[in-house]
Amino acid sequence: MSIKVLLVTPYSFKKYGGVQNQVNLIEEYLSKHEEFEVKVFAYGKTESLDSNKVFNIRFNSSISSVLLFPNRKLLSDYIDWADVVHVHEPFVPLFFWKLPKSKKYIFTHHASLGAIITNTLSIIYKFFRYTSISTYVSKSAESNALALNSEPQLIPNMIKINQHISFNKNQGYLFIGRQETRKNYSFFVKLSNHKQFTNKLFYAVTNKDKSDKNITIFKNPTEEFKNEIFGKTNIYLALNTKSESFGITLLEAVNNGNLVISSDLSSFINVLPNSCIVYKNNDFESLRNVLGKLDSKDLNALWNKQYEDIRKYDLEENMKKFILLYSSL
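As a starting point, this report considers the structure included with it. A quick note: this is a predicted structure, and the numbers were derived from the prediction, not measured. Counting starts from 1 at the beginning of each chain's written sequence and moves along it residue by residue. Since the coordinates come from a predicted model, pLDDT governs what is reported: local features require at least 70, and pairs of side-chain atoms require 80 or more to be given and counted, while whole-chain, interface and lining totals use all residues. Excluded from the side-chain calculation are hydrogens and water; included are all heavy atoms of the structure.

**Concerning the pattern of salt bridges**
Stage number 1. A carboxyl oxygen of Asp or Glu within 4 Å of a side-chain nitrogen of Lys or Arg is what we treat as a salt bridge. Inspection of the entire model under this criterion finds 16 salt bridges.
Stage number 2. In this structure, Arg 288 and Glu 285 form a salt bridge, with 2.8 Å as the shortest nitrogen-oxygen distance. In this pair, Arg 288 and Glu 285 both sit in helix H10 (residues 284-293), three residues apart, roughly one turn of the helix.
Stage number 3. The rule is simple: take the accessible area with a 1.4 Å probe, protein chains only, and divide by the maximum for that residue type; under 20% is buried, over 50% is exposed, in between is partly exposed. In this structure Glu 285 comes out as partly exposed when scored by relative accessible area, which is 40%.
Stage number 4. Shared partners join several salt bridges into a network, and the residues in it are Arg 178, Glu 180, Arg 182, Lys 183 and Glu 244. In this text, helices come from DSSP runs of H or I with a minimum length of four residues, and strands from runs of E with a minimum of two, each type numbered from the N-terminal end.

This is the structure in structure tokens:
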């Protein structure tokens, strides 16, 4: 008899992000295995929720589109169907949705939160007692998980490893990120206008129309087209300044033949612990110097080291951990 898994997140799929990416991967994986049945309860994925209202909430230096008050009858029907409910980012579903305590839950924590917020959450979560297991996607998200459960398990964000990829021959710099201050698009513009980089091509994937003379802009491309954009470049620049718990685009970049250069955020260093190439956070001269020194490096060898690092995020291997959890509850 198959195990029925319900994937739940309060985030809207009409504004795509890292959490939504992971939910889609898990759904796709489980749907290919006959011992599981899988459904998703989320705005933009569950058709009957489209009439519900989402709220744009500023949190953690970003604006997230969140479903606070789903259709209660529809939520109840989905949960009644499930054997296991896998919740990605549990605070809103626990606090606002009033999930029934009669079910078995896995709570996965994605966000990196400050000490004040996690301490507050640990107090709030004392009022919620569920049959559950907590997981977290990165070291930066561990404190978030500990607020709910004293013994959470690390299961990192996952990716389908491209077994046939090699370092790209096309030379160019790529930026991916929303138009938020913490994503630091302004540094990318500054690089594109600097005389040191006049021989480079600049491409940006973002969420708003922009017009910068030296940058080719792609606004909200599909995931398939985004992968084609990776093929135009060989250097991916993760310029973020704060509030990053993981950095799924770092994995995507390496997995599509790009060498990653990033700010020295601990979350980024933890993603590529043996092969990270970093500059001092929010320091343009440091970034310029790091990029300049690449001209004398063996970029293919550097990329190969990063490619070896991302293998630990393999979807097939890490989903085995979730399957054990689904089966043990």
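Having seen the structure, we can now continue with the description.
**Comments concerning the sheet that holds strand S8 (residues 153-154)**
Stage number 1. One open sheet accounts for six strands, arranged S2-S1-S5-S6-S7-S8; its pairing is parallel. Every other strand in the sheet has two partners, leaving strand S2 (36-41) and S8 as the edge strands with one partner each.
Stage number 2. Should DSSP find at least two bridges between two strands, the strands are taken to pair. In this sheet, strand S7 (residues 131-136) lies alongside strand S6 (residues 104-109) in parallel orientation, the contact comprising six bridges. Each bridged residue has a counterpart across the sheet, and for Phe 107 the counterpart in S7 is Ser 134.
Stage number 3. Its contacts with the sheet put helix H1 (residues 18-31) on strand S1 (3-8), S2 and strand S5 (84-88), and the angle it makes with S2 is roughly 155°. When checking whether two residues touch, look at their non-hydrogen atoms; a contact exists if any pair is within 4.5 Å. To get an axis, fit a line to the C-alpha atoms, keeping to the stretch in contact for a helix; angles then go from 0 to 180 degrees between the N-to-C directions.

**Details of the nonpolar core**
Stage number 1. The biggest cluster of nonpolar side chains holds 55 residues, and the ones touching the most others in it are Leu 30, Leu 99, Phe 322 and Tyr 326.
Stage number 2. Residues in contact with Leu 30, not counting those within four places in the same chain, are Val 5, Phe 36, Val 38, Met 319 and Tyr 326.
Stage number 3. Among buried residues, the Ala, Val, Leu, Ile, Met, Phe, Trp, Tyr and Cys ones that are joined through side-chain atoms within 4.5 Å form a nonpolar core. Phe 188, Ile 215, Leu 287 and Tyr 307 belong to the second largest nonpolar core, which has 51 residues in total.

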